[in-house]
Amino acid sequence: MSNSRFISVSIGIFLTEFILSIFWPFLLRADLFIIFALAVFFLDHTHKTSFAVFISIAIVFDFWSGSHFGNLTLTLLVTILAIFLTKKVVLIDNRVNFSALLWLTGFYYFHLLIKGILYNLGRQFIFPKLSFIDLMETVLWILVILIVYTRVSYEKRVSHF
Amino acid sequence: MKNGFVKNFLIALATVILLVFFNNYWSGQFLKNSVLAVFKKPLVVSSSFLHQTKRRVVSWFNTGELLRQNQTLKEENRQLASVNLKIYELEKENDFLRKELDVVQRKNFKVSLARVFHQKFDGQFQTSLIDIGDNEGIKPGMPVIFDGEVLYGVIKDVYPTSALVYLITDPRVTLSVKIKDSEIMGRSRGELKDGLSLELVANQEDVQAGETVMTSGLDGLPSALLVGKIITVRENREGIFKEIKIEPEFKSLLVDRVFVLKLL
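All values reported here derive from a predicted model rather than from experimental measurement.

S.K.: I would appreciate a short explanation of a nonpolar patch on the surface in the present structure.
M.R.: All names here are of chain A. A cluster of nonpolar side chains, namely Ile7, Ile11, Leu15 and Ile19, defines an oily patch on the protein surface of about 320 Å² accessible area. Structurally, the position occupied by Ile19 is in helix 1 (residues 3–23). Under the relative-accessibility criterion, Ile19 is labelled partly exposed at 38%.

Put into structure tokens, the structure is as follows:
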């Protein structure tokens, strides 16, 4: 995915969250940007998104995260490190399919766990909610983001003349 | 992106750690405040516009209900007018008695009007950003309320021109509360979309669904701020405390303008 598309989708996610938080806040049970960032890192095989852009956008979202600055970015870094190490050990293809949905759900919950640990280091541990409804909503959002990712990352190939 | 990942990762980690130290511990939230200050104005305008749109849309669908509510409110208003007169007389009498008894006056509060310009809801936290901060003398721990003294949240972080509010439904917020018209006290904890839970209420206490929960005033917040209504009460046979759920009062209100209570 190109940098410009990554930035465009991120802006779209920020605006979507902004509007949903006013009209239907009950729909927001998952952090859409984190899901998108994990999806890009997990599935993108074109390597077109610059790491600097990826982290810069994460830092911008960090300012609006409602936690201490750094919490979101550091958690995201730990999670993408986990994805990187998993991909070193397990052979995973880069296609959007059911297994990608399962992996992303797992990594999203891993991210929540790390976020809970990082928050106020040792003072108060906020364990992610593990109810069935929360899980279903998270899976639904991951599905939506995967559809968006598929649409946005698709590039028409033109043969060389 | 994965070409030279380890090198990029280490550079990013070092940069983020530096930024965290610069912003959080050295410059007094300079970076965060700068970004919030730049986007505050357009977000306040957009937020206000969207809230008004929502209000209109909701009112279109609820015209019949609004007419009924209007009728009820008119009746209540007439009753309150007569009650107000009695209260006025009682206040005069109360003031006189306080002076006579040399009792320390009840703590006074100053109110600052603020506008919510960003709300963040996810599976773990619920927070808001308001458009006043250090410039208006806002301090961490101050309560944020609506009209009618409905508690919305508590100030957590203060920046020069904005502040971060933890909503009472955020799991990081615990409040000392009591049930209206009774001596039963407990501790409320945010449960995100499920509202709040009321803890430390013994099984033998008589608590009913529909009862009003308000702040007790024992944890630094003013007393008698409306928290919500009890929706379910379950006796815990394995433990000694009841399992009580509270529906927060602010959930039924449109969050646009709020007030910060400043202790004088």
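S.K.: Sorry, what's going on with the sheet that holds strand 3 (residues 143–145) of chain B here?
M.R.: Adjacent strands of a sheet pair through backbone hydrogen bonds, lying either parallel or antiparallel. Residue and element names in this part refer to chain B. Ordered in space as 1-2-5-4-3-12, the six strands form a closed barrel in which the pairing is antiparallel. Within this sheet the neighbouring strands show an average axis-to-axis angle of 45 degrees, counted without direction. Relative to strand 4 (residues 151–158), strand 3 runs antiparallel, the two sharing three bridges. What sits directly across from Val144, in strand 4, is Gly153. Relative to strand 1 (residues 109–121), helix 2 (residues 30–61) is tilted by about 90 degrees, and along the sheet it contacts strand 1 and strand 2 (126–130).

S.K.: Would you take a moment to explain the pairing of strand 2 of chain B for this structure?
M.R.: In regular strands, side chains alternate between the two faces of the sheet. Residue and element names in this part refer to chain B. Of all five residues making up strand 2, five are buried, and the element is well covered by its neighbours. By the alternation rule, side chains of strand 2 split into Gln126, Ser128 and Ile130 and Thr127 and Leu129, which are all buried. Across five bridges, the pairing between strand 1 and strand 2 is antiparallel. Opposite Phe121, over in strand 2, you have Gln126 as the bridge partner. Remark: four residues form the turn of the hairpin made by strand 1 and strand 2, two consecutive strands paired antiparallel. Sheet topology places strand 2 next to strand 5 (residues 163–167); four bridges connect them, and they run antiparallel. Each residue of the ladder has a partner; that of Ile130, found in strand 5, is Ala163.

What counts, and where the lines are drawn
All residue numbers refer to positions counted from 1 along the written sequence of the respective chain. Both sets of labels track the order of writing: A upward for chains, 1 upward for ligands. Per-residue local features are limited, in this predicted model, to residues with pLDDT of at least 70; the limit for side-chain atom pairs, both in listing and counting, is 80 or more; totals at the level of whole chains, interfaces and linings are taken over all residues. Working from all heavy atoms in the structure, the side-chain values ignore hydrogens and water. Patch membership is restricted to residues that have no salt bridge and whose relative accessible area is over 30%. Joining uses 9 Å for like charges and 5 Å for the nonpolar side chains Val, Leu, Ile, Met, Phe, Trp and Tyr. Values of accessible area rely on a 1.4 Å probe in the Shrake-Rupley scheme; residue burial ignores everything except the protein chains shown. Here, a salt bridge means any side-chain nitrogen of Lys or Arg that lies within 4 Å of a carboxyl oxygen of Asp or Glu. Under the DSSP-based scheme used, a helix requires at least four consecutive residues in state H or I and a strand at least two consecutive residues in state E, with every element numbered from the N terminus. Burial status follows relative accessibility: with a 1.4 Å probe on protein chains alone, a residue under 20% of its type maximum counts as buried, one over 50% as exposed, and anything between as partly exposed. Here the rule is simple: two strands pair whenever DSSP picks up at least two bridges between them. Lines fitted to C-alpha atoms define the axes here, with helix axes fitted over just the stretch in contact, and angles between the N-to-C directions of these axes take values from 0 to 180 degrees. Working rule for contacts: check all heavy atoms of both residues, and any pair within 4.5 Å makes them a contact.

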